[in-house]
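What the coordinates show
Listed here are the chains, written in short residue letters.
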Amino acid sequence: MVIRKLDLKLLRDVRFSPWLFLGIVLLVMSGITLFDASYISYNSLAASYQLTYQKLNMADFTVDLQSAPQDVVKRIQRIPGVKQVDGRVTEDLTVEQRLATKRVIGRIISIPDAGLPSINTLHIVNGTLPGRGNKRELLLENSFAKFNGYKPGDFIYPIVGDDEVRYRVSGIVMSPEYMWVVASTDDPMPQPKQFGVMFMRKEMADRLFGTDGSVNQVAVTIMPGANRSRIMRQAADILSPYGADDPIPMQKQAGYEVLQRDLRGFRTLATLFPMLFLAIAALSIYNLLGRMIYSQRAQIGFMRSVGYGRRAVLRHYILFAALTGLLGSAIGTVLGYYLAFEITGFYATIVSIPFTEVTPRWGIMAAGIGISLLTAVLAGLVPSLSASRMTPAEAIRTEAPSVGRAPAIENLIPRLKKASFVWRLPMRNLLRAPKRTFSTIMGIASAITLIMVSAGLMDSGKAMINFYFDRMLRYDAMVTFIHPQSQGDLGRIRTWKGVQRVEPLLQVPVKLVHNGREMVTSISGIESNTQLLALSAYDGTRISVPRTGIATGGDLMKRLGLCLGQKVILTVPHRIISDAASIPVSDAEVNGSRIGKYRDQVFSLSRGIQDITFKKQVVVTTQTYEPIGNRLVMSIHELRRLFGQEFDLPPNAISAIMVKVAPGYVKEVSRDLYNLTGAASVVDVQDMRQQIDQAMSVSNAFESVMFGFAIALAFIVIFNSTMLNILERTREIASLRALGVTRLQISSMLTIENLCTWLAGTVIGLPVGRLLAHGFVSQYNSETFHFRSAVFPRTYVMTVTTIFLTVLVSQIPGILRLFNLNLAKATKELSE
Amino acid sequence: MQPTSDSTFIQLEQVAKTYMIGEVSVHALKPTDLTVDAGEFVVMLGPSGSGKTTLLNLIGGIDSPSTGSVCFRSADLSQMNEDQITEYRRASVGFIFQFFNLIPTLTARENVEFVAELVDDPADVMSVLNEVGLADRADHFPSELSGGEQQRVAIARALVKNPPLLLADEPTGNLDYETGKHILNLMRQVNRTRGITVIAVTHNSAVGDMSDRTIHLRSGEITSIETNPHPTDPEDLKW
């Protein structure tokens, strides 16, 4: 193949300017690696979820009901378009764990007496299915088992009534419903350690709960193309006589919805950051190509003078840019795919995904290559156009010396005028070539921006957790009781060794209704002078517990369209009613009253199911900052007054006790808290923190990858511009050497010049980076985690120091090259 | 435009050029008239800043006049659009520069081929390199060639297009005495043997002795034009 000489020149330009070419290729490569890695990871995760839902036959919708005979399943099966129906029993209860010495909340879900369920089936990680008949065996959900150290053969103790029943764990399983272990959509905090899902043979569940062949949940899959809304409606009609709730489509299923929220946050990060990264890379490519073209002015002049047209020159330099884009994206695509594989694998270890699917996403890869080519070509377009527009005479002529000026600082500090030229020359050089100076400063500023954004994301996450656990939750352990009770235990706990402070807490489940929007949550009643559960404003200042009305976070107010001073309707969540109703009459009498359950709380409902559809109006008087979840807080006295009668609360009712403990006493006190009469569970705040850290470890890992890329990009950008800055002036510096200026003086001058650009870049980059970090953090907020943008002082120091060192290191190769110059040759050559 | 004689190859009428260099406005060439006949060897002499390179650039179509017209074979360059002026440079002009302006990343042969590719009927690249005495250095990069060798590559590069007009800007300015004379001899040969019109710009007054006509410039204007009926052989030039 005969290659045109203009194209040969292109290839030779690559060979003769390897640093420049490599620099641009690395810029493109990093951008595409990050883009592909994050976007393929995002897509792979979404695909892995879908694959799991598909393989484990996730229900298209489920219906919770009070109780219905098993043959209701057959009636639903007859609805046209229904593919499969499964009826099951699901019950929440307290679980004693001798293994982990902790009492936690559990959920038992029945599975068929033989084999695995056909809908929402299970993936066995370890062990075997439970035996039949009288064998007291069950399957344990993987995350709970992992966090609490269970393996097949261990025992677990669900508490039914006042009895602990011993069950052998026959196997560990993953469930499509509990890839993200949450109890309900309203409480999206992952609790893999505190919430144990167990699967038990139906006959065994019937024996345990006395359900006697009935079911309280129906799961349905539908045929492809069938009308889901119609089927859901028909199923609801069939099930309504059995106290059915509204059908819950798959998208509203707790685990599914929380996973999707998490994915959405991931998508935002996976899209925005690579875009910022590529934009900065483009700016840098623009600078580098511009400077390369500038250094080839004479060649351009020659080409134009011998008859190469503008288009040929334009094509020539655009091709150079495209070549870098193509090579960078080819390498970046391979690396991005590899990295996506690692990220997805890591994610799968955090979330219990049984089936992962990381396949080359050709569309994304093609988009990545397209984007990188476009980035490189667009970045190269402006300098290439200006090259093609140069008149040959203008290009070929030695550029007139730029106008020299004494910097204003010399007038401000007269002593500087008398300073050595080692100090004065760098200042003047910076002013002499403003474009070059500007492009170097912008390179440094953009590198700082990128580091600040990625570090800002990590800092904001850490700041949120620190704020929540260090400033808001000031207790070390909290015991929650099965039934609300009077606060008699408070005084006793205060006398325990190591206990520093004790405060009561009353939590009441409510449904908030405002402007047609609803939300199920709970209200926490705390003492006005609380020290263990602090309220804060968004700016971090402490807020008192309101004397009247409720305090809540901005996110919840936004979701309900609430403003301060407005009234919100509080009513009882449907779930309490149905759960209470699902308990057989013989077991419903606990301590002489009917009970309703909500999460880990069991409420006394003395008036029966029909009488508790109350409505209360409360004014939102205080807005708080809630970093994690959505909390409603009011004075405990006010809460007792509002709901005491409806929930038949005892005098001075409490449902939990918060305890502050001296260092070293947490385990001992927690153990004693378990032994309190009526204790349902004990939360160790450090455990909770560990679970949240775990939940955030995926985004932390991803942010760390981004941070690594930001540092790499910063190095490439600065290395290239500093190196070019030096090499462009080879002749000038050689002349200085020839005149007798020492190597030390030359390297000092260059260092001073580069440090001036570092200083200017830092002054611009830090505030811009801070601003962009703020923008990114606000995009990353989810319904579970509410970040406040934060950049730690150490991040500023780290960023500035990293860039400072990068500038110093980047200039070394250039300076070394200058030291080895052939002065006779270098001073004679017009240009390289 | 004044009517031109048949042999009028290049005609400049009231051509002037003003540059902005940095913040300074420079009248590089004051209104100037000049004609050059086909086959002439013209030398433009003058000190730095006299406007000789500007004049050469205007004739070569690599710069445009601020006022006036430059005609090549009756075609007014100042009326040509970008494509036409590029075609003019491509087909009609060969350039030789003081600093050679070779593409440093291409070998001697590739530098010549680089230009040969621009025209439909170029001369044989190796023949031209042979003509300038560089056939055996054809595969060397510019950095491996001496200044004289680089300038010979530049001449080969200019000749490979078979241009009717060869423009040389201080062709010996960067060369030693002997090499300079060799280069001038080469230029004289192509002028005489191929009938190529040569316009060379120099500040070396000795070079004027080898020309058919010497045009003297100072401060952006032509001060005198000397016709030389008996040009000196370049080998006999002394400076």
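An account of the accompanying structure is given in this report.

Calculation rules
Residues numbered from 1 in each chain as written. Chains lettered and ligands numbered in written order. Predicted model: local features only at pLDDT ≥ 70, side-chain atom pairs only at ≥ 80, totals over all residues. Heavy atoms only, no water. Helix = DSSP H or I, 4+ residues; strand = E, 2+ residues; numbered from the N terminus. Buried < 20%, exposed > 50% of the residue type's maximum accessible area, 1.4 Å probe, protein only. Contact = heavy atoms within 4.5 Å. Areas by Shrake-Rupley, 256 points an atom, 1.4 Å probe, with all protein chains shown as cover. Core = buried A, V, L, I, M, F, W, Y, C linked by side-chain atoms within 4.5 Å. Pairing = 2+ DSSP bridges. Salt bridge = Lys/Arg side-chain N within 4 Å of Asp/Glu carboxyl O. Polar contact = N/O pair within 3.5 Å; in protein donor to acceptor, adjacent residues only side chain to side chain. Nonpolar A, V, L, I, M, F, W, Y, C, P; charged D, E, K, R; others polar. Patch = residues over 30% accessible without salt bridge, like charges linked within 9 Å, V, L, I, M, F, W, Y side chains within 5 Å.

**A closer look at the overall build of chain A**
Secondary structure assignment for chain A yields 26 helices and 25 strands. The 832 residues of chain A split such that 59% are buried. Put simply, 83% of the contacts in chain A that link residues at least 6 apart link residues at least 24 apart. Roughly 33300 Å² of accessible area belongs to chain A as shown, and the carbon and sulfur atoms make up 57% of that amount.

**As for the nonpolar core**
Ranked by internal contacts, the top residues of the largest apolar core, which has 194 residues, are Ile803 of chain A together with Leu165 and Ile199 of chain B. With 20 residues, the top contributor of residues to this core is helix H7 (residues 254-295) of chain A. Judged by nonpolar contacts, the second largest core, of 42 residues, contains Val502, Val508, Ile523 and Val659 of chain A.

**Concerning unusual backbone geometry**
Residue and element names in this part refer to chain B. Backbone geometry places Gln14, a non-glycine residue, at a positive phi of 50°. The residue Gln14 is located in strand S1 (residues 8-21) in this model. The class for Gln14 is partly exposed, based on a relative accessible area of 44%. Its identity is not glycine, yet Ser74 carries a phi of approximately 70°, on the positive side. Here Ser74 falls in the exposed class, since its relative accessible area comes to 53%.

**Describing the pairing of strand S3 (residues 41-45) of chain B**
All names here are of chain B. The buried fraction of S3 amounts to five of the five residues, a majority that puts the element mostly inside the structure. Of the two faces of S3, the one lined by Phe41, Val43 and Leu45 and the one lined by Val42 and Met44 are each fully buried. By the bridge criterion, five bridges tie S3 to strand S8 (residues 197-202) in an arrangement that is parallel. Directly across from Met44, in S8, lies its bridge partner Val201. Strand direction decides the pairing type here: S3 and strand S9 (residues 213-218), joined by four bridges, are parallel. For Met44, the partnering residue across the bridge sits in S9 and is Ile215.

**Re the interface of chain B and chain A**
Opposite the 30 residues of chain B that make contact, chain A presents 32 residues. At the boundary of chain B and chain A, one finds five salt bridges. Between Arg310 of chain A and Glu82 of chain B there is a salt bridge; the shortest N-O distance is 3.5 Å. At the boundary of chain B and chain A, one finds eight residue pairs in polar contact (both at pLDDT 80 or more). Listing elements by their share of the side of chain B that touches chain A, those giving two or more residues are S1, helix H2 (82-92) and helix H3 (108-116) of chain B. A class-by-class count of the residues in the side of chain B that touches chain A yields 13 nonpolar, six polar and eleven charged.

**Some words on a nonpolar patch on the surface**
All names here are of chain A. Residues Leu283, Tyr286, Leu374, Leu378, Leu381 and Val382 make up a contiguous nonpolar surface patch of roughly 510 Å² in combined accessible area. At the level of elements, H7 and helix H10 (362-389) are the ones that each hand at least two residues to the nonpolar patch. Ranked by residues supplied to the nonpolar patch, first place goes to H10 with four residues. Considering the arrangement of structural elements, one finds Tyr286 in helix H7. The class for Tyr286 is partly exposed, based on a relative accessible area of 37%.

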